[in-house]
Amino acid sequence: MTTIKLTKMQGCGNDFVILDYDEYKKTGMPMPELAKKLCDRHFGVGADGMIIPDCNTDKSSNIGEPVDIGWYFYNSDGSIAQMCGNGMRCFAKYVYDKGLVNKKEFSVMTGAGVIKPEISDDGNVRVDMGIPILEDSKIPFKGERRLKALDREFEITPVSMGNPHCVIIVDDEPMEMAVKYGPVIEKHEYFPEKTNTEFVKILSGAEIDMCVYERGCGITLACGTGACASVVACVLNNLTEQKVKVNLPGGSVYVEWQGNRANFAKNIYLMGPANYSFTAEYML
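The sections below set out a description of the structure shown in this document. Note that this is a predicted model, so its numbers are computed, not measured.

## Focus: the overall build of the protein
Along its length, the protein carries five helices and 18 strands. On C-alpha atoms alone, the protein measures out to a radius of gyration of 18 Å, which is about the 19 Å that the 2.2 N^0.38 rule sets for 284 residues. For the protein, the C-alpha atoms occupy an extent of roughly 50 × 40 × 35 Å along the three principal directions. In the protein, of all internal contacts separated by at least 6 residues, the share reaching a separation of at least 24 is 62%. Surface summary for the protein: the accessible area is close to 12300 Å², and the carbon and sulfur share equals 47%. The averaged location of the 38 negative side-chain charges in the protein is 2 Å from the averaged location of its 30 positive side-chain charges.

Here is the structure:
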């Protein structure tokens, strides 16, 4: 029987199984198949996603920047996610603690391009999430700013953080809305590659509540890219300030974006916790 060593981590309850590439090679399984097996909450470890560090990634990115390390990231259904903010924070702490990188601020090659995390002395991780994408063709998004789902019609703000998001401002409880409407909007024809859907309730100019239905995962306790997309949508619609506390079902993160409608080519920053749950040996 094959046994592999793995680590379980979580950021605000958004949880991940992380294993080194050498451990993955022992399985002899395709990564999507392994992700579905390990992430199963009844027959596996249980997680929203699987992460494998890629220490052999090309050290020069396609935009000419040096890259320190890469990753393989899979959702619990075996699909690839271009980027994950909570996953990036956990990944950053993991590879630093393991000595796979030897500095607290470094660059990671992802499906969304080069992402730069920084490990703070207090244990939180700050991630430069890059510039939000608002062009419809690059999100990708093909539709109107009003979307019908079941018995409701919503005003939406499409945003990409390397993965597509549909942000909806609501007065209702975000969790109830995500449970009811999230599965329908995820597969809506407006989003040819499906979408993450965020339901946002404005508490003040500096604080929001948010719940997400994630593409490939369903309801999760947190979503870092979703938190960023939500703040972008709030700023664009003049609903909040540029630094916002985002309350998620699993905890809170802070997002800062100095962009606006006239100049949205500004990097967005995500700050939040990344915690170990356990290390274990798993028998395939």
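## Some remarks on the environment of glycine 11
Relative to the elements of secondary structure, glycine 11 occurs in strand E1 (residues 3-11). We classify glycine 11 as buried; its relative accessible area is 0%. Each C-alpha atom of the pair glycine 11 and leucine 270 lies 12 Å from the other, and the pair is 259 residues apart in sequence. Once residues lying within four places of it in the same chain are set aside, the contact partners of glycine 11 are Asn86, Arg89, Cys90, Ala222 and Pro273.

## Thoughts on a nonpolar patch on the surface
A cluster of nonpolar side chains, namely Met175, Val179 and Ile219, defines an oily patch on the protein surface of about 220 Å² accessible area. One can find isoleucine 219 in strand E14 (residues 218-220).

## A look at the packing of aromatic side chains
Under the counting rule described, the total for this entry stands at nine aromatic pairs. With 5.4 Å between their ring centres and 70 degrees between their planes, tryptophan 71 and phenylalanine 91 make a pair best called edge-to-face. Within this pair, whereas tryptophan 71 is found in strand E4 (residues 69-75), its partner phenylalanine 91 is found in helix H3 (residues 85-97), the two being separated by 20 residues in sequence. What makes tryptophan 71 buried here is its relative accessible area of 8%. Residue classification places phenylalanine 91 among the buried residues on the basis of a relative accessible area of 0%.

## A word on the pattern of salt bridges
Per the stated rule, a full pass over the model turns up 15 salt bridges. The salt bridge involving aspartate 20 is made with lysine 98; its shortest N-O contact spans 3.0 Å. Here aspartate 20 is found in the loop between strand E2 (14-18) and helix H1 (21-27), whereas its partner lysine 98 is found in the loop between H3 and strand E5 (108-110), with 78 residues between them in sequence. With a closest N to O distance of 3.1 Å, glutamate 173 and lysine 201 form a salt bridge. Of this pair, glutamate 173 sits in the loop between strand E11 (164-169) and helix H4 (174-186) while lysine 201 sits in strand E12 (residues 196-204), and the two are 28 residues apart along the sequence. Residue class for glutamate 173 comes out partly exposed when judged on its relative accessible area of 41%. Given the relative accessible area of 22%, lysine 201 is considered partly exposed. Within the structure, one salt-bridge network assembled from shared partners comprises Lys8, Asp15, Arg41 and Asp48.

What counts, and at which threshold
Residues numbered from 1 in each chain as written. Predicted model: local features only at pLDDT ≥ 70, side-chain atom pairs only at ≥ 80, totals over all residues. Heavy atoms only, no water. Helix = DSSP H or I, 4+ residues; strand = E, 2+ residues; numbered from the N terminus. Rg over C-alpha atoms; globule rule 2.2 N^0.38 Å. Contact = heavy atoms within 4.5 Å. Areas by Shrake-Rupley, 256 points an atom, 1.4 Å probe, with all protein chains shown as cover. Lys, Arg positive; Asp, Glu negative; His and termini not counted. Charge placed at Lys NZ, Arg CZ, Asp CG, Glu CD. Buried < 20%, exposed > 50% of the residue type's maximum accessible area, 1.4 Å probe, protein only. Patch = residues over 30% accessible without salt bridge, like charges linked within 9 Å, V, L, I, M, F, W, Y side chains within 5 Å. Salt bridge = Lys/Arg side-chain N within 4 Å of Asp/Glu carboxyl O. Phe/Tyr/Trp six-rings, centres within 6.5 Å; stacked < 30°, edge-to-face > 60°.

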